[in-house]
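As a plain string of letters, each chain reads:
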Amino acid sequence: AAAAATAAPSTADSADAGEGRVLLLLHRHNFSNRQWFRNQSGCLPANGRYLVYEMDVGHCAGWTHQRSSLGCALAEAKMLKRTFVLHDKYCSWGGHVGQAANVWDSFNSHYDVQALCETFAFVWQGDFQRLLHRTQRKQRLFAEKDKIKVVRVTPRTPFAALRDSKALREADVLVRGDWGRHPDYFWYSVCAASPQLTKARQGPWHNALQPAANVAEATAAILRELGPGFGSIHVRRGDKAQNKQRWPHVDRDTQAAAILRNAKVSAAFPANTTLYIATNELRKNFFAPLAAKYRVFTARDFADILASHNITMASYQLAQVDTAVWSKGKPRLDTFIDLTADARHGVGVKP
C-alpha cells in the first residue's frame, strides 16, 4: 500500500478513485488537514464508516456456504452505506479438498476484485487495521477528544437496528462479532433474518462476486471441450456421505449404481449423453460404472486444462470451476432435489 497522504484529495484524485483507486478516509476525526490512506484493493469507500464481520464458525466451511455468507455481509454493508472490511485470506476446508489441514490462500485467487469494486465499497482488513491502530495511537498521544467510535453487535442484532438506531448509525466502526457464542449463526444467517437483505443479496448485487480470471478461463476451456448439449449432475458426497446420523441416505443414493437406477436421471439423460458430474468425491474412478450408459466427465478429467490455468486442485478454486461448469449443463440435476430425499442441511437442522 502506498503511504498516507496529509492533504485532502483534489477533484482529479476523486476522478481517479472512480476509476479504481481506493481512498480510505476516517473523516470524522480531528486530524490536521484530514488523513487519507491509499491501498491496492481498487475500491472507493462509501462514506468513512465501516462494517467489520469477525470470522464465524463457518469461515472454513464449504465454498457455496462461504459465498452466501460473503454476499450477505457485503449486502448489509451496502444497505448501511458502509465500507466493508474484507478479509484478504480465504480458507478451503481440508476435508473438501483432500488435505489433512485447511488450506489458506488469497482472496484474489478466488474472486475478481475489480468486478467486486464496481458494486461494493471495501478495504482489506490488514490495511484497515493498520490505519485504525495508527489513528487510535495518534489520538491517545495528542489526547484528542473526538475518538473513533467502535461498536460491537452480535449476530442476532437485527439489520433494522443497525439501520434505524441513531447510536449505531453514528458509530465509525460496527463490528459483528461473538459468532462463537451463537454456534447456529453464520454470516448468511444475518440475511436469513432480514427479508430486505435477502432480496438485496439475491438481486443484481449477487453477480458482483465474479471468479478470478484464471478460474473463469479454465471454466471456459472445459466448456469448449465438453461442447454443446451436455447434461450435468451435482453429486454431494464427502462429509455428508460419511455422516449417516444427519444424512442417512446420501451415501447410498449417490453411489454410481444408484444414480444409474435413479428415475429422474434416466428421464433427464438419454443413453450416450455427455454427462458432467460436479462433485467433492475424491476417488478417481468412483463414477466409472456410469460409463456403461453415458460419456462421463468430472473436473479431474481436465487436469491439463486446470494446470495450464494455475488452478490449485487442493483449494476451492476447483470447486468454483466445478460449480460453474455444472451450471451450464442442460438439464442439470442436484443431489438434494433429484438424487436423495435427505434434507440439504440434515435431519433436524433448520435451513
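This text goes with the structure placed above it.
Given the structure is predicted, the values throughout are model-derived calculations rather than measurements. Counting restarts for each chain: residues are numbered from 1 in the order of the written sequence. Owing to the predicted nature of the model, reporting of local features is limited to residues with pLDDT of at least 70; listing and counting of side-chain atom pairs is limited to 80 or more, with chain, interface and lining totals taken over all residues. Note that water and hydrogens are dropped before the side-chain values are worked out from all heavy atoms of the structure.

Trainee: Sorry if this is basic, but what is going on with the overall build of the protein here?
Mentor: Counting its secondary structure elements, the protein contains 17 helices and 13 strands. Only protein chains enter the accessibility calculation, which uses a 1.4 Å probe; a residue is then buried when its area is under 20% of its type maximum, exposed when over 50%, and partly exposed in between. With 351 residues in all, the protein has 50% of them scored as buried. What makes two residues a contact is simply this: any of their non-hydrogen atoms within 4.5 Å. Expressed as a percentage of contacts within the protein between residues at least 6 apart in sequence, the contacts between residues at least 24 apart total 69%. Accessible surface area values rest on a Shrake-Rupley calculation with a 1.4 Å probe, where residue burial reflects the displayed protein chains alone. Accessible surface, the protein: about 17,200 Å² in total, of which carbon and sulfur atoms supply 52%. Helix and strand definitions here come from DSSP, where helices need a minimum of 4 consecutive H or I residues and strands a minimum of 2 consecutive E residues; each element is numbered from the N-terminal end.

Trainee: Which parts of the structure should I look at to understand the packing of aromatic side chains?
Mentor: Within a pair of aromatic rings, the relevant descriptors are the distance that separates the centres and the angle that separates the planes. Here the aromatic set is Phe, Tyr and Trp, taking the six-membered ring for Trp, and pairing holds for ring centres within 6.5 Å; pairs whose planes are under 30 degrees apart are stacked, those over 60 apart are edge-to-face, and all others are tilted. This structure, assessed with the given rule, holds 13 aromatic pairs. With 6.3 Å between their ring centres and 85° between their planes, phenylalanine 84 and tryptophan 187 make a pair best called edge-to-face. Taken together, the residues span a long stretch of sequence, with phenylalanine 84 in strand β4 (residues 83–86) and tryptophan 187 in helix α8 (residues 187–192) at a distance of 103 residues. Judged by relative accessible area, which is 0%, phenylalanine 84 ranks as buried.

Trainee: Which parts of the structure should I look at to understand a positive patch on the surface?
Mentor: Residues Arg134, Arg137, Arg140 and Lys147 make up a contiguous surface patch of positive charge. The class of arginine 137 is partly exposed, set by a relative accessible area of 44%. Patches here: salt-bridge-free residues with over 30% relative accessible area, like charges joined within 9 Å, nonpolar side chains (Val, Leu, Ile, Met, Phe, Trp, Tyr) joined within 5 Å. Counted as salt bridges are all cases of a side-chain nitrogen of Lys or Arg within 4 Å of a carboxyl oxygen of Asp or Glu. His is not counted, nor are the chain ends, whereas Lys and Arg count as positive and Asp and Glu as negative. Note on charges: their place is set at NZ of Lys, CZ of Arg, CG of Asp or CD of Glu.

Trainee: I keep staring at helix α2 (residues 63–79) and nothing clicks. Help me out?
Mentor: Since there are 3.6 residues in each turn of an α-helix, residues three or four apart along the chain are aligned in direction. One fewer than the residue count of a helix, multiplied by 1.5 Å, yields its expected span. Across its 17 residues, α2 extends 24 Å between first and last C-alpha, which sits within 8% of the 24 Å expected from 1.5 Å per residue. Counting buried residues in α2 gives 13 out of 17 residues, a clear majority hidden from the surface. At the C-terminal side of α2, lysine 81 shows a positive phi close to 55°.

Trainee: Hey, could you run me through the pairing of strand β11 (residues 274–279) in this one?
Mentor: The side chains of a regular strand alternate, first on one face of the sheet and then on the other. For β11, the buried fraction is high: six of the six residues fall into the buried class. Side chains Thr274, Tyr276 and Ala278 project from β11 onto one buried face, and the interleaved Leu275, Ile277 and Thr279 project onto a second face that is buried too. Judged from the five bridges that link them, strand β10 (residues 231–235) and β11 form a sheet pairing that is parallel. Looking at the pairing, glycine 231 lines up with leucine 275 of β11. Direction of pairing for β11 relative to strand β12 (residues 295–297): parallel, over a ladder of three bridges. Along β12, the bridge assignment pairs tyrosine 276 with phenylalanine 297. Pairing between two strands is assigned when DSSP locates at least 2 bridges connecting them.

Trainee: Could you clarify how one ought to interpret the sheet that holds β4 in this entry?
Mentor: Overall, parallel pairing links the five strands, which are arranged β7-β4-β3-β9-β8 in an open sheet. Each of the sheet's edge strands pairs with one partner strand only, and the pair in question is β7 (122–124) and β8 (150–153). On average, each strand axis in the sheet is inclined to that of its neighbour by 25°, with strand direction left out of account. Relative to β7, β4 runs parallel, the two sharing three bridges. Residue valine 85 lies in a different strand from β7, and its bridge partner there is valine 123. A fitted line through C-alpha atoms represents every axis, and for helices the fit uses only the stretch in contact; the resulting angles, taken between N-to-C directions, go from 0 to 180 degrees.

Trainee: Just to check I follow, could you spell out the sheet that holds β11 for this structure?
Mentor: The strands making up a sheet are joined through hydrogen bonds of the backbone, oriented either antiparallel or parallel. Reading across from one edge, β12-β11-β10-β13 is the order of the four strands in this open sheet, with parallel pairing throughout. Both outer strands of the open sheet, β12 and β13 (332–333), are each paired with one neighbouring strand and no more. Helix α16 (residues 316–327) rests against β10, β11 and β13 of the sheet, and its axis sits at about 140° to β11.

Trainee: Looking at this model, I keep getting lost on the environment of valine 52. Mind explaining?
Mentor: Position of valine 52 relative to the elements: it lies in strand β3 (residues 50–53). Valine 52 sits in the buried class, given a relative accessible area of 9%. Along the primary structure valine 52 and phenylalanine 84 are separated by 32 residues, whereas in three dimensions their C-alpha atoms are 6.3 Å apart. When sequence neighbours within four positions are dropped, the list of residues in contact with valine 52 reads Val85, Phe128, Val173, Leu174, Val175 and Arg176.

Trainee: Just to check I follow, could you spell out the side chain of aspartate 172 for this structure?
Mentor: Within the secondary structure, aspartate 172 is located in the loop between α7 (166–169) and β9 (173–176). Of note is the side chain of aspartate 172, whose polar atom sits 2.7 Å from the backbone nitrogen of lysine 149. N or O atoms closer than or at 3.5 Å make up a polar contact, with two conditions inside protein: a donor-capable atom paired with an acceptor-capable one, and, for residues adjacent in sequence, both atoms drawn from side chains.

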